[in-house]
Amino acid sequence: MNKREMIDGPVGRQGLRQIILAQPRGFCAGVVRAVEIVERALQKYGAPVYVRHEIVHNKHVVDSLKAKGARFVEELSEIPDNAVTIFSAHGVARRIEEEASKRDLHVLNATCPLVTKVHNQGKRYVEKGRTLILIGHAGHPEVEGTMGQISAPVVLVQTEQEVDKLDIPTNTPVAYVTQTTLSVDDTKGIIAALQRRFTDIVGPETRDICYATQNRQTAVRELSELVDVILVVGAKNSSNSNRLREIGSETGVPSYLIADSSEFNSEWVRDARVVGITAGASAPEVLVDGVIDALGRLGPVEVSTLSGRQETIEFRLPAELAAV
Ligand code: SF4
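A. Molecular detail of the site of the ligand. In the region of the ligand, the neighbouring residues are C28, G30, C112, L114, T180, C210, Y211 and T213. Split by residue class, the shell around the ligand holds five nonpolar, three polar and no charged.

So, in structure tokens, the structure goes:
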């Protein structure tokens, strides 16, 4: 009996719609740390504290922090002198750090340590005289931050086709780093193309880029073998949430990205006996609960969770907030 038959049996007999939750899903350690930095800063220094860019790409998270006294801005010029200023989990360019320091802003850096690790890898490659190639999506704040952390020009590559068009001699010493919200699976085609294109190329061990991105993508693939429809809870501007939906669709299962239950369309699940739900790394679990409730209003449901991978990674808070 395959996994799907094991599910079909009880569903058919009991007339229940089955909901299977991916494991892991939702908040990663970098998001937990970033949100906690804002909450603890509010506790320690009082409102308002200023956050440059959405702390993580999720409106519900941002709105709940706004209600507690956080103010979200896009530019440092919007922040008054001496104010507590938090950089988002995506990281910032060096010029932003320098401007904040010139203005004596009290900075708390919520850049995910895995993003900082990519910055440091890139800097080391450039110090060794290599031309740096960043695999990522143009315009994403993490990509802008990483490019802005490196003192030399960085070449952005988004697709395998772009590798062929690079105007760099084949024997140039190059190195690559990648955006953290791309998984090993996402980047391996581009890395292989780069390795074919350049004779002297190095890069980090891609398994180390971001455990959370890889784990959530592996889980959605597992989910796709068992379900008729996949609902991905996450924001439209969340890179990793979009990728989860794309992976679901690539496996042939209709997959929909929804910010929360208000965007759920019951037509999507009309003929679905088994519905899979996952959530992007910046989507809180309460939003998943809301989608389960919405499904429950259509008829009886039975909820189970894939055994998946348990995550135990935690990132340390900045020292000044550790004891708050
Ligand atoms: S998805 Fe990965 S890199 Fe991004 S915040 Fe989470 S742990 Fe950090």
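B. Summary view of unusual backbone geometry. A cis amide bond links Q23 with the next residue in sequence, P24, at an omega value of 0°. Here P24 shows up in the loop between β1 (17-21) and α2 (29-45). P48 follows A47 through a cis peptide bond whose omega is -5°. Assignment of secondary structure puts P48 in the loop between α2 and β2 (49-52). Its identity as a non-glycine residue notwithstanding, H53 has a phi of 70°, on the positive side. Note that H53 resides in the loop between β2 and α3 (59-68).

C. Examining the pattern of salt bridges more closely. Here the structure, examined in full by the defined rule, presents twelve salt bridges. Here R94 and E98 are joined by a salt bridge, their closest N and O atoms 3.5 Å apart. Highlighted residues: R94 and E98, both in helix α4 (residues 94-102), separated by four residues, approximately one helical turn. One continuous salt-bridge network, built from bridges that share partners, spans R243, E246 and E250.

D. Layout of the environment of V62. Note on placement: V62 falls in helix α3. Owing to a relative accessible area of 4%, V62 belongs among the buried residues under this scheme. Sequence-wise, V62 and L295 are 233 residues apart; in three dimensions their C-alpha atoms are separated by 26 Å.

E. Examining the packing of aromatic side chains more closely. All chains considered together, the criterion is met by two aromatic pairs. Between Y256 and W268 the ring centres are 4.0 Å apart and the planes differ by 5°, which places this aromatic pair in the stacked class. Residue Y256 is found in strand β11 (residues 255-258), and its partner W268 is found in the loop between β11 and β12 (274-279); the two are separated by twelve residues along the sequence. Plain terms: the ring middles of F264 and W268 are 6.3 Å apart, the flat faces sit at 80° to each other, and that makes the pair edge-to-face. An aromatic cluster is built from Y256, F264 and W268, whose rings are joined through pairwise contacts.

What counts, and where the lines are drawn
- Residues numbered from 1 in each chain as written.
- Predicted model: local features only at pLDDT ≥ 70, side-chain atom pairs only at ≥ 80, totals over all residues.
- Heavy atoms only, no water.
- Near = heavy atom within 4 Å.
- Nonpolar A, V, L, I, M, F, W, Y, C, P; charged D, E, K, R; others polar.
- Helix = DSSP H or I, 4+ residues; strand = E, 2+ residues; numbered from the N terminus.
- Salt bridge = Lys/Arg side-chain N within 4 Å of Asp/Glu carboxyl O.
- Buried < 20%, exposed > 50% of the residue type's maximum accessible area, 1.4 Å probe, protein only.
- Phe/Tyr/Trp six-rings, centres within 6.5 Å; stacked < 30°, edge-to-face > 60°.

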